[in-house]
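Letter by letter, the chains look like this.
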Amino acid sequence: MTNEEILLHDTLIELEFPLVLEQVAKFSYSDLGREIILQTVPVEDVHWLRSEHERIEELRGLLARNETIPLDGLTDIRPQLHKSLIQGAYLTPPELITVMEAIRSSRLLRAYFKQQENTPNLTDFCSILHESRFLEKHINDAIDETGMVRDSASRELANIRREIQETSAKLRARLRKILQKVVEEDLAMEDYVTQREGRYVLPIKVEHKRQIPGVIHSVSQTGSTVFLEPSEIFESNNQLSMLYNEEQREIIRILSTLTGELGAEAREFLSSIDILANFDAIYSKAQYALKRQGIKPQILDENRIELRNVYHPLLQWSSGSRPVPLSIEFTSDTRGHLISGPNAGGKTVALKSIGLNIAMALSGIFPLGDCETNVRSIFCAIGDHQSIENNLSTFSSQIVRLRDILSFCSPQALILVDEICSGTDPQEGGALAAGILDSFIERKAMFVVTTHQSSLKSYALSRPEILNASMEFDGVRLIPTYRFQSGVPGNSYAFALAKSVGIPDVVMSRAKTYLGDRHSELEESIAALQRFKQEAEEHLRKAAQEHIISEKKRIDYEERLAEVKAKRNQIIGDARDEAKDIVQRSNALVEQTIKEIREQQRSASDIKKDFETGKKDIEKKAEAMKPKLETDNEVLQAGDGVTMVGSNEVGVVIAIDTAAHSAVVEFNGLKFKTALAQLRKAGKTKQKEASKSSGGLVKFDSKMNLDLRGQRADAACKEVEQFISDAMLSNLQTLTIIHGKGTGALRVAIHDQLRKHPLVANFRLGTIQEGGDGVTILELK
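Reading the values: the criteria
- Residues numbered from 1 in each chain as written.
- Predicted model: local features only at pLDDT ≥ 70, side-chain atom pairs only at ≥ 80, totals over all residues.
- Heavy atoms only, no water.
- Salt bridge = Lys/Arg side-chain N within 4 Å of Asp/Glu carboxyl O.
- Helix = DSSP H or I, 4+ residues; strand = E, 2+ residues; numbered from the N terminus.
- Buried < 20%, exposed > 50% of the residue type's maximum accessible area, 1.4 Å probe, protein only.
- Patch = residues over 30% accessible without salt bridge, like charges linked within 9 Å, V, L, I, M, F, W, Y side chains within 5 Å.
- Areas by Shrake-Rupley, 256 points an atom, 1.4 Å probe, with all protein chains shown as cover.
- Axes fitted to C-alpha atoms, helices over the stretch in contact; angles between N-to-C directions.
- Parallel < 35°, antiparallel > 145°, perpendicular 65-115°, else oblique.
- Contact = heavy atoms within 4.5 Å.
- Pairing = 2+ DSSP bridges.

## So, the pattern of salt bridges
Here's step 1: All told, the structure shown has 33 salt bridges when counted by the stated rule.
Here's step 2: For lysine 285, the salt bridge identified is with glutamate 52, shortest N-O distance 2.9 Å. Here lysine 285 is found in helix α11 (residues 266–292), whereas its partner glutamate 52 is found in helix α4 (residues 46–64), with 233 residues between them in sequence. Glutamate 52 carries the same exposure label as lysine 285, and that label is buried.
Here's step 3: Of the charged contacts in the structure, one is a salt bridge between glutamate 229 and arginine 199, with a shortest N-O distance of 2.9 Å. Note that glutamate 229 is positioned in strand β4 (residues 225–230) and arginine 199 in strand β2 (residues 199–205), a separation of 30 residues in sequence. For the pair shown, glutamate 229 and arginine 199 are each scored as buried.

## Describing a nonpolar patch on the surface
Here's step 1: A surface patch of nonpolar side chains, amounting to about 330 Å² of accessible area, comprises Val501, Ile503, Val506 and Val507.
Here's step 2: Among the secondary structure elements, valine 501 is positioned in the loop between α16 (494–500) and α17 (505–515).

## Some points on the packing of helix α3 (residues 31–38) against α11
Here's step 1: At their nearest, the axes of α3 and α11 sit 7 Å apart, and the two run at 70° to each other. Considered as vectors, α3 and α11 are oriented roughly perpendicular to each other. Within the contact between the two elements, α3 uses Leu32, Gly33, Ile36 and Ile37 and α11 uses Ile273, Ala277, Asn278, Asp280, Ala281, Ser284 and Lys285.

## Considering the sheet that holds strand β5 (residues 298–299)
Here's step 1: Read from one edge of the open sheet, 4 strands run β5-β9-β6-β7, paired in mixed fashion. Looking along the sheet, the strands with just one partner apiece sit at the ends: β5 and β7 (326–330).
Here's step 2: Here 2 bridges tie β5 to strand β9 (residues 370–373), and the two strands are oriented parallel to one another. Bridge pairing in β9 places glutamine 298 opposite glutamate 372.
Here's step 3: Each of β5, β6 (305–310), β7 and β9 is contacted by helix α12 (residues 347–361), which is oriented at about 110° to β6, the strand it contacts most.

## Regarding the pairing of strand β18 (residues 650–657)
Here's step 1: As paired elements, strand β17 (residues 640–644) and β18 share 3 bridges and run antiparallel to each other. By the bridge assignment for β18, valine 642 is matched with glycine 651.
Here's step 2: Two elements, β18 and strand β19 (residues 662–667), share 5 bridges in a ladder whose sense is antiparallel. Within β19, the position partnered with isoleucine 656 by the bridge is alanine 663.

## Structural notes on unusual backbone geometry
Backbone geometry follows two general trends: most residues other than glycine have a negative phi, and most peptide bonds adopt the trans configuration.
Here's step 1: The backbone of asparagine 66 sits at a positive phi, close to 60°, despite the residue not being glycine.
Here's step 2: Structurally, the position occupied by asparagine 66 is in the loop between α4 and α5 (78–84).
Here's step 3: Asparagine 66 sits in the exposed class, given a relative accessible area of 69%.
Here's step 4: One non-glycine residue, lysine 444, lies in positive phi territory at about 60°.
Here's step 5: Along the chain, lysine 444 falls in the loop between α14 (426–442) and β12 (446–451).
Here's step 6: Under the relative-accessibility criterion, lysine 444 is labelled partly exposed at 48%.

Any functional reading would require information that these geometric values do not contain.
In structure tokens form, the structure reads like this:
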């Protein structure tokens, strides 16, 4: 490994990246995927990273829909494949069964993604998996589920095993006769037949071993029994042994044939196993992203980093409570962040959270939060590296690490340093740290550094490339909140913490005399900045909540207004249809009457009588359509309770337009205009009740003209906005704005506003009769 590779490796160890990989590897289906995950490191191949993230996203989508991925049987068969390439070697039946299950898994996985429509990257990834159905069938036909070679594996094996069964049956029958005689003579230890070294024997008492001619194959552990093969079955046992040898030779021949078939395709299957191993790694990453709510990162071409609401991947799942997220951004203008604050406030955890999430994104693993970054090298100096063996103190060990980092520092580097130059004289350490940060800036590296030194907080204020930051601390309860605050330095709270643990007041008073007024003023200023920032963030949070509420109301109002307009259009349409029907009936009646008069088919009196009857029917229907000012023989007035035709809902009359035969009514806080003929009187309701809803959805007291002469542009534009809103709620279509001629500045500002307004269909200057250039006429959508 090169020095840079060693430094990068040490960085991952300090960030505890291997522990994150262990978490991801737990989701692997087999050792193939686990092996790849545990060897994962950040890479610089942008194309591979983007493709890997796409594959993970596609697989996570399938898993989220509870799709079953066909991975049964996936295992590492590389040893068996390499063995099949050795001349003269053969695989055992269990090994062949393992191979068959693995290549079947490969085939099923390829077929599964071939049928998927929304996983183009995974389909392409699995398309080159090798398959061999003939090999699968041959192995399955030759070996059963228990790992035994089937009788049907070959005709020769079937014949041999049949002979073995016949010979064994004859031999056992003969042995039973011998055993019966031996038992009767009390020579046998027990009444059974057994085998030793593949030959049938009888258990004979040791004291009678010479009374039966034969060969002793073994003796029991107690020495009281010998296992004797009677001489009269020598020939049968020999014949059976030869059959067993023939069987074994035939089995080896079958296994060798199958192994040869596998060896012919072994290299293709080795390539497929590599693909399956990487797919298993993708599977574990997708499961990790699904279970841990990981978010697909964006790999950028520009040199920039942005993390939003990221979590420490180990801290998040180590306890029941959800940790506080962190957001931070690096740009060409802001390349560094200097984090300050008290001990145990979360500075080191923040450093590791930043480093780990970026390392995960660059390793093809979804970070726990939104992450945008380009390809980069991560270097860090975190923790105590003092070594007695190497004669290194805490300070010198960090300086050695910073020296190595400076050697490989570049614009593509992200550097994380914890408590920079803290193990020496504060004044000298602060100066040395400032010089190191200057070098980082000069080489355009991005960095995050933590410190307690006040001089560095002031230094950061003088460098536009560095942004002060802090970990929020509750100064009242003296506990950290772990919230990352960008733009505000933090206090160390050393005196407050010392007092809280019981340091005597006299010691505290003496210590403050050595501190100096300037330091106290700086700490007080920082505390005030933190308070102001917290208050501003709280106001912003409340404003955001109110905006969400108002947006919901706006959407609700628009939906209800659309319903009112639809109802209005429906009523108008129905009225037109009825009027058209009346006209058609009238024309038909007149035509029929004229026809009958001309043809003189009936008497004039009869024709006149029928005409008058038809006329009355038409007049009756027309009268029903005619707006009426009276309902139930009572005149409607403002404040009356009414119902709509076809509804039992009670509303209130707000105003009556006698000339237009219409009324403005309010139902459930909603105001709209409707024909008087559609209303039925329901009872008296106090006018005061209606006025409570005067701020309802639809307004009918809107003006059609707005005079803005003499006003400034800002104030006038606000009035125009309200004017358009009121007109829309009143169903007005054409509006007039009077802005005067003057210098034309007010007219230009209003036209700019109207041009961008979503409710304005078009607008124009007025004609000479309308007011010329001093007037704008606009049409609403």
